[in-house]
2 protein chains.
Amino acid sequence: MTQTLDTPTQTPEQRAHRWFTGFEEALRARDVARAAGMFATTSFWRDLVSFSWNITTVENPGGVADLLTATLEHTGPSAFAVEEPPEEADGVTTAWFTFETAVGRGRGLVRLVEEDGETLAWTLLTTLSELKGHEEPRGPARPMGAEHGANKERRTWLERREQEEADLGIGVQPYVLVIGGGQGGIALGARLRQLGVPALVVDKHPRPGDQWRGRYKSLCLHDPVWYDHLPYLKFPDNWPVFSPKDKIGDWLESYVTVMEVPYWGSTTATSATFDEEKGEWTVEVEREGKPLTLRPKQVVLATGMSGKPNIPAIPGQDVFRGDQQHSSAHPGPDAYAGKKVVVIGSNNSAFDICGALWEHDVDVTMVQRSSTHIVKSDSLMEIGLGALYSEQALAAGVTTEKADLIFASLPYRILHEFQIPLYEQMKQKDADFYDRLEKAGFWLDWGEDGSGLFMKYLRRGSGYYIDVGAAELVADGRVKLAHGQVVRLTEDAVVLDDGTELPADLVVYATGYGSMNGWAADLISQEVADRVGKVWGLGSDTTKDPGPWEGEQRNMWKPTRQEALWFHGGNLHQSRHYSLYLALQLKARYEGIPTPVHGLPEVHHTG
Amino acid sequence: MTQTLDTPTQTPEQRAHRWFTGFEEALRARDVARAAGMFATTSFWRDLVSFSWNITTVENPGGVADLLTATLEHTGPSAFAVEEPPEEADGVTTAWFTFETAVGRGRGLVRLVEEDGETLAWTLLTTLSELKGHEEPRGPARPMGAEHGANKERRTWLERREQEEADLGIGVQPYVLVIGGGQGGIALGARLRQLGVPALVVDKHPRPGDQWRGRYKSLCLHDPVWYDHLPYLKFPDNWPVFSPKDKIGDWLESYVTVMEVPYWGSTTATSATFDEEKGEWTVEVEREGKPLTLRPKQVVLATGMSGKPNIPAIPGQDVFRGDQQHSSAHPGPDAYAGKKVVVIGSNNSAFDICGALWEHDVDVTMVQRSSTHIVKSDSLMEIGLGALYSEQALAAGVTTEKADLIFASLPYRILHEFQIPLYEQMKQKDADFYDRLEKAGFWLDWGEDGSGLFMKYLRRGSGYYIDVGAAELVADGRVKLAHGQVVRLTEDAVVLDDGTELPADLVVYATGYGSMNGWAADLISQEVADRVGKVWGLGSDTTKDPGPWEGEQRNMWKPTRQEALWFHGGNLHQSRHYSLYLALQLKARYEGIPTPVHGLPEVHHTG
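This is a predicted model, so every value here is computed, not measured.

## Some points on the overall build of chain A
Then comes step 1: Counting secondary structure elements, chain A contains 18 helices and 25 strands.
Then comes step 2: Relative to a compact globule of 607 residues, whose C-alpha radius of gyration would be 25 Å, chain A shows 26 Å and is just as compact.
Then comes step 3: A burial count over chain A gives 59% of its 607 residues as buried.
Then comes step 4: Considering only residue pairs separated by 6 or more positions, chain A has 66% of its internal contacts joining residues 24 or more positions apart.
Then comes step 5: Across chain A, the 59 positively charged side chains and the 85 negatively charged ones have centroids separated by 4 Å.

Pasting the structure below:
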């Protein structure tokens, strides 16, 4: 790097210190222009709730100026402090920092670059960690448990818990109703519990964890353990890398008990209406078959990306004599040994199900309707996640919490640029594997811009398989492969658009899930669903993720166009990380802390 | 310290390094005299299983020579390495180290002093951490969970678990039967599971945790959370300092699920006999009322110190018309509002029960039969445990595992010397409190040598109350106090030896628990129980802990005079820490690794 007299050699510490000193001065002076001028020409500021009461990314000095103009005065940021020695690599200085706002404390990560002799921010992440006066009772602030002294009004922990359970939803309304008790609902329920926000998690399944237990029997998590921790209670270090579904089910059930999450199983929400005047929902539920009306102030749909099975309407479904199952209802292969099964779809569930069927001596055919992105599980772990979520990362001091913030600090606009080289590595490493698949006629893709699995997940939540072995079955023909669209079912076969007839005793629709927006339409109304618009996706203008660019996952974990309606979900990583910001938004509203939302996006797509 | 030319100033690092170099040389040369000469005139070597296959402390160079003469050749110690920078204070250099033996890897702590210009060991702790070739599958060695690839023989985690449950005790015998499923049995069960030793934990209560749930309703742990972690899975940092009984019950139940501990509830062991020839036990159990014979190779009695209620035989117990309950069966105060209750005893349970009864408007009298040691809970936490088990200790890098080893490194012979000043501090800090109690006529003591609560616990496991508030009720007379021995019960009163009649609707016997040896007598035979001798106690020649000096807790976690019979128990700290050494001893036997036991003590006391 060229050094001039004006910019003598600085250590990363000095550089970060100078930048923060200048930034804080500008903010304290409410000098928006000066603060915005401290960002590089191409730059990104991602804020999780701390300035914007939103999850939003602004770009370049212009976007920074917009954000600060709207938020600086009431946010009152201060006390920026570098947390640990900043590091420099490839001309980028990376620094962890803490800061405060008028109402909370936050943590962030900045990447500084030199531009025209000035130190400027290239990426800035600001996140809210806690609300002042509402810190969680943890560590030195943990509760006593025993109440010392003699007290005639004393009630034991068990008596209080039993009273609470008896009152909840009857004498006492939850402030937040979380619909859906998978990892998302449970993680949020735990955070709200910790924050003292009265909440209730409801789920249609009898027990926590049944969401996993009920899936096809060979299912294991496709993400490794280091990526999957829930808040507060990490998996012990003997936990398997890829948790079997029943084991994760048991963990979730234990977690609900240990974290004292108020949870109703066997409970279905049948309708919800919002009274604008009262600022209150009326939610009709059936709990163990009995109708009940709940009146929460906030409703969170945590029914998940994989909650609403999508079964295409195909002529002949009524005449087909065999079984038809959506992948989410497929019990596993045991009953189908020696039979013929057609699996429609070629993503994760399709492969897992085909593999297990083949293992049980089923004659199985996969119908590929469009191209699929495949990565081998071990390559994904090593190349895709290893730097942040692995034993090596842990040994290098990258805790789960740090990894989450590093991950969150990479702006979605440029994330694909970081991803492409990783997938190029994988393509090279596993070249033979991909050769075999292509020779077998399998339609492969790497995402439209070659950015691979994680971008596909963020953009559309589908279109990939993390290979744990079943791809080889397709490559060598043990699992048969057919291509095309399904045009109809006969009494005993699946017919494709090229006329191919695939005899079948069972058809499995591994055809994915509907938009989370559909939950809102079913539960509330089409009008509200349309007002809220599409849920998930970044606006990348790629397949199933239409533009314009939005820059954040649509409607997830942040205010929507329907007051008091929220969406929560995603994988275990997202359930862990984003539940914090959703919980803080709900806590602020519960406490009456003003939450002026900046940058609520326009709605461009319904459904 | 005086420095001479022969002993130039050394850093703690140099001193520790020199000592270990010399020690390892002497051991490698099998030079017992030289190795023993590296210990101070008064010195202690405590070994947990690594040299002695026993839990034993030897004293002074003579004892070291005895230990090494018996164990050095087959132990083959090597690779002593100082783990982190040693520290020096008050002329003592303290160093953490690792080492190896022929069959395992260990960790230890040494305290070095200068004596006649030489660096000598004052205390040495050696512990076995793992067996070579049998390392636990944790961290980087954790299991994969998912088995990648296609495999027609694949069985899912759930299928394997179900098969295992169906076979255990019927088609497949456990190598270890653990009788008693409280924290002790569960912690040991978890460790054996991790080590791949087929084991089964049985308990008479239906669900894990019921051992706690069934106790009096106001019960909370008297030890703070930092002291109470189980192996592998720590309490989350929102866990209360003093866990309420039902909450710890839920934790234990979740722990059994999460750690996959093979556990049978509602199961009572009715008899056990050992076949010396076959090296196998025949244990008759009743599982949910159905008789079943188990044939384990090893039996662990983990029924606990608080497992066998001791109710004194008192004339008139058959004519008393009210209720009589041992403290362990007392349900709590709710049914006794407005009634008269006499609680016999003045230790932990007596105080807790009296306090709760008073809170529920019961007319309650405590009968003190002998003096009691009382410390205030917060003083005990701050002065007694704070340095090792607290948020402050954690912040200073003293993890639970380190604290356990530091604790274990203090030889029992001199432990009271470390304890006395702590209790003198407490006495001073809470002088007013003790004054009030004495003025109320309460008989106080501080242990026979003033060494306080923990020594009482180690010596006799009784004789104290950790005050959480009920002592004030006695001090100010809200709970009435009577003194003396109970000589008989009438139809409606308790009569003391001075003739005092205490009217009673309920008598609670807070009279403690029988020796764990009694379990062996009941289950196996009096002959075996007598051969094994007294369980618990150090041989301190104080009340309820007769001499001669034994130096370790009798028969706990180590071989007994009955082959294949073991005792496990104690508080959560001991259940956590010592379960490791017991598990390693069982694992070694399971794998056929030779385990020559050194220093099996003589039996001096039965019962």
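## A short note on helix H18 (residues 572-591) of chain B
All names here are of chain B.
Then comes step 1: Here H18 spans 28 Å end to end across 20 residues, near enough to the 28 Å set by a 1.5 Å rise per residue.
Then comes step 2: Largest kink in H18: about 35°, centred on Tyr 578.
Then comes step 3: Extensive coverage of H18 is indicated by the burial of 18 of its 20 residues.
Then comes step 4: Here H18 starts with a cap whose side-chain oxygen sits 3.2 Å from the backbone nitrogen of His 573, and that cap is Asn 571.
Then comes step 5: Two residues or fewer after H18 comes Gly 592, characterised by a positive phi angle close to 75°.

## Some remarks on a negative patch on the surface
Residue and element names in this part refer to chain A.
Then comes step 1: A surface patch of negative charge is lined by Asp 275, Glu 276, Glu 277 and Glu 563.
Then comes step 2: Take Glu 563: it is sitting in the loop between helix H17 (526-532) and strand E25 (565-567).
Then comes step 3: A residue is classified by how much of its surface remains accessible, and Glu 563, at 46% relative accessible area, is partly exposed.

## Some words on the packing of aromatic side chains
Then comes step 1: Tallying each qualifying case throughout the model produces 66 aromatic pairs over all chains.
Then comes step 2: The interplanar angle of 5° and the centroid separation of 4.1 Å between the aromatic rings of Phe351(A) and Tyr465(A) together place this pair among those described as stacked. Of this pair, Phe351(A) sits in helix H8 (residues 348-359) while Tyr465(A) sits in strand E19 (residues 464-467), and the two are 114 residues apart along the sequence.
Then comes step 3: Ring centres of Trp19(B) and Phe23(B) lie 4.6 Å apart, and the angle between their planes is 20°; on these two criteria the pair is classed as stacked. Taken together, the residues span about one helical turn, with Trp19(B) and Phe23(B) both in helix H1 (residues 12-28) at a distance of four residues.
Then comes step 4: Under the relative-accessibility criterion, Trp19(B) is labelled buried at 2%.
Then comes step 5: The class for Phe23(B) is buried, based on a relative accessible area of 1%.
Then comes step 6: The side chain of Arg287(A) reaches across the aromatic face of Trp264(A), ending 3.9 Å from its centre.

## Re the confidence of the model for chain A
All names here are of chain A.
Then comes step 1: Per-residue confidence for chain A gives a mean pLDDT of 95, with 98% of residues at or over 70.
Then comes step 2: Low pLDDT, under 50, characterises residues 1-6; the predicted model gives this stretch five contacts beyond four residues in sequence or across chains.
Then comes step 3: Confidence estimates for the predicted assembly give a pTM of 0.94 and an ipTM of 0.93.

## A few points about helix H3 (residues 60-75) of chain A
Residues and elements named next belong to chain A.
Then comes step 1: The axis of H3 is deflected most strongly, by about 40°, at Thr 69.
Then comes step 2: All buried positions along H3 are accounted for by Gly 63, Val 64, Ala 65, Leu 67, Leu 68, Thr 71, Leu 72 and Thr 75.
Then comes step 3: Next to the buried residues of H3 lie helix H1 (12-28), helix H2 (32-36), strand E1 (39-48) and strand E2 (55-59).
Then comes step 4: Among the residues trailing H3, Gly 76 stands out with phi positive, at a value near 55°.

## Description of the interface of chain B and chain A
Many authors give the size of an interface as the accessible area that is lost as the parts come together.
Then comes step 1: Residue-level contacts link 55 residues of chain B with 55 residues of chain A.
Then comes step 2: When the two sides are added together, the surface that chain B and chain A hide from each other amounts to roughly 5,000 Å², 59% of it contributed by carbon and sulfur.
Then comes step 3: Considering only the surface of chain B that becomes buried against chain A, Arg142(B), Lys152(B) and Glu359(B) emerge as the three largest contributors, covering 15% of it.
Then comes step 4: In this assembly, chain B and chain A are joined by twelve salt bridges.
Then comes step 5: Here Asp361(B) makes a salt bridge to Lys152(A), at a shortest N to O gap of 2.4 Å.
Then comes step 6: Scanning the region where chain B abuts chain A turns up 30 residue pairs in polar contact (both at pLDDT 80 or more).
Then comes step 7: Contributing elements (two or more residues each) for the side of chain B that touches chain A: helix H4 (157-167), helix H7 (245-258) and helix H8 (348-359) of chain B.
Then comes step 8: The element contributing the most residues to the side of chain B that touches chain A is H7(B), with seven residues.
Then comes step 9: Of the residues belonging to the side of chain B that touches chain A, the class tally is 25 nonpolar, 13 polar and 17 charged.

## Focus: the sheet that holds strand E8 (residues 176-179) of chain B
All names here are of chain B.
Then comes step 1: Taking strand neighbours across the sheet as the criterion, the five strands line up as E10-E9-E8-E14-E25 in an open arrangement whose pairing is parallel. Among the strands making up the open sheet, the edge pair consists of strand E10 (263-264) and strand E25 (565-567).
Then comes step 2: As paired elements, E8 and strand E9 (residues 199-202) share four bridges and run parallel to each other. Across the sheet, the residue bridging to Leu 177 is Leu 200, located in E9.
Then comes step 3: Together, E8, strand E14 (298-301) and E25 form the strand contacts of H18, whose direction differs from that of E25 by roughly 165°.

## Concerning the packing of helix H5 (residues 183-195) of chain B against H7(B)
Residues and elements named next belong to chain B.
Then comes step 1: The interhelical angle for the contact between H5 and H7, taken along N-to-C directions, is 20°, at an axis separation of 10 Å. By the criterion of interaxial angle, the relationship of H5 to H7 is roughly parallel. Like other packed secondary-structure pairs, H5 and H7 cross with a definite hand, here left-handed. From H5, Gln 183, Ile 186 and Ala 190 reach across to H7, where they touch Leu 252, Tyr 255 and Val 256.

## Comments concerning the relation of the copies chain B and chain A
Then comes step 1: Superposition of chain B onto chain A requires a rotation of 180° combined with a translation of 0.0 Å along the rotation axis, giving an RMSD of 0.0 Å. Here the two chains are linked by the operation of a two-fold rotation axis. Of every C-alpha in chain B, the one belonging to Ser254(B) sits nearest the axis of rotation, 2.6 Å from it.
Then comes step 2: Both copies contact each other with a shared surface, as 100% of the interface residues of chain B are interface residues in chain A too.

## Examining the pairing of strand E5 (residues 92-100) of chain B
All names here are of chain B.
Then comes step 1: When strand E3 (residues 78-82) meets E5, the two strands line up antiparallel, connected through three bridges. Directly across from Val 82, in E5, lies its bridge partner Phe 97.
Then comes step 2: By the bridge criterion, three bridges tie strand E4 (residues 87-89) to E5 in an arrangement that is antiparallel. Within the sheet, the bridge partner assigned to Ala 89 lies in E5 and is Val 92.
Then comes step 3: Linking E4 back to E5 in an antiparallel pair, the connection comprises two residues, with Asp 90 at a positive phi of about 50°.
Then comes step 4: With eight bridges joining them, E5 and strand E6 (residues 104-115) adopt antiparallel strand pairing. Residue pairing in the sheet places Phe 99 in a bridge with Gly 106 of E6.
Then comes step 5: Hairpin geometry of E5 and E6 is characterised by an intervening segment of three residues between the two adjacent antiparallel strands.

## With respect to the side chain of Asp210(B)
Residue and element names in this part refer to chain B.
Then comes step 1: Looking at the element boundaries, Asp 210 is found in helix H6 (residues 210-213).
Then comes step 2: Asp 210 sits in the buried class, given a relative accessible area of 12%.
Then comes step 3: Polar contacts involving the side chain of Asp 210 include one to the main-chain amide nitrogen of Arg 207, which spans 2.7 Å.

## Digging into the nonpolar core
Then comes step 1: In this structure, Val343(A) and Val343(B) are the most contacted members of the largest nonpolar core, which totals 292 residues.
Then comes step 2: For Val343(A), the contacting residues outside a window of four places in its chain are Ala350(A), Ile353(A), Cys354(A), Leu357(A), Val364(A), Thr365(A), Met366(A), Val367(A), Val508(A) and Ala510(A).
Then comes step 3: By size, the runner-up hydrophobic cluster in this structure holds 27 residues, among which are Phe23(A), Ala26(A), Met38(A) and Val110(A).

## Looking at the state of the cysteines
Then comes step 1: What the rule picks out here adds up to zero disulfides over all chains.
Then comes step 2: The thiol sulfur of Cys354(A) is not disulfide-bonded, and the nearest other cysteine sulfur, from Cys220(A), lies at 17 Å.

## A few points about the sheet that holds strand E16 (residues 340-344) of chain B
All names here are of chain B.
Then comes step 1: Spatial strand order, E15-E24-E16-E17-E20: five strands in an open sheet with parallel pairing. Each of the sheet's edge strands pairs with one partner strand only, and the pair in question is strand E15 (323-326) and strand E20 (480-483). Averaged over all neighbouring strand pairs, the angle between strand axes comes to 20°, with direction disregarded.
Then comes step 2: Sheet contacts for H8: E16, strand E17 (363-368) and strand E24 (506-509); angle to E17, the most-contacted strand, approximately 165°.

Criteria and thresholds
- Residues numbered from 1 in each chain as written.
- Chains lettered and ligands numbered in written order.
- Predicted model: local features only at pLDDT ≥ 70, side-chain atom pairs only at ≥ 80, totals over all residues.
- Heavy atoms only, no water.
- Helix = DSSP H or I, 4+ residues; strand = E, 2+ residues; numbered from the N terminus.
- Rg over C-alpha atoms; globule rule 2.2 N^0.38 Å.
- Buried < 20%, exposed > 50% of the residue type's maximum accessible area, 1.4 Å probe, protein only.
- Contact = heavy atoms within 4.5 Å.
- Lys, Arg positive; Asp, Glu negative; His and termini not counted.
- Charge placed at Lys NZ, Arg CZ, Asp CG, Glu CD.
- Expected span 1.5 Å × (residues − 1).
- Bend = angle between axes of the 7 residues up to and from the residue.
- Polar contact = N/O pair within 3.5 Å; in protein donor to acceptor, adjacent residues only side chain to side chain.
- Patch = residues over 30% accessible without salt bridge, like charges linked within 9 Å, V, L, I, M, F, W, Y side chains within 5 Å.
- Areas by Shrake-Rupley, 256 points an atom, 1.4 Å probe, with all protein chains shown as cover.
- Salt bridge = Lys/Arg side-chain N within 4 Å of Asp/Glu carboxyl O.
- Phe/Tyr/Trp six-rings, centres within 6.5 Å; stacked < 30°, edge-to-face > 60°.
- Lys NZ or Arg CZ within 6 Å of the ring centre and 35° of its normal.
- pLDDT = per-residue confidence, 0-100.
- Buried area = accessible area lost by both parts, 1.4 Å probe.
- Nonpolar A, V, L, I, M, F, W, Y, C, P; charged D, E, K, R; others polar.
- Pairing = 2+ DSSP bridges.
- Axes fitted to C-alpha atoms, helices over the stretch in contact; angles between N-to-C directions.
- Parallel < 35°, antiparallel > 145°, perpendicular 65-115°, else oblique.
- Left-handed = near helix turned anticlockwise from the far one by under 90°.
- Least-squares fit on C-alpha atoms with pLDDT ≥ 70 in both.
- Core = buried A, V, L, I, M, F, W, Y, C linked by side-chain atoms within 4.5 Å.
- Disulfide = S-S within 2.5 Å.

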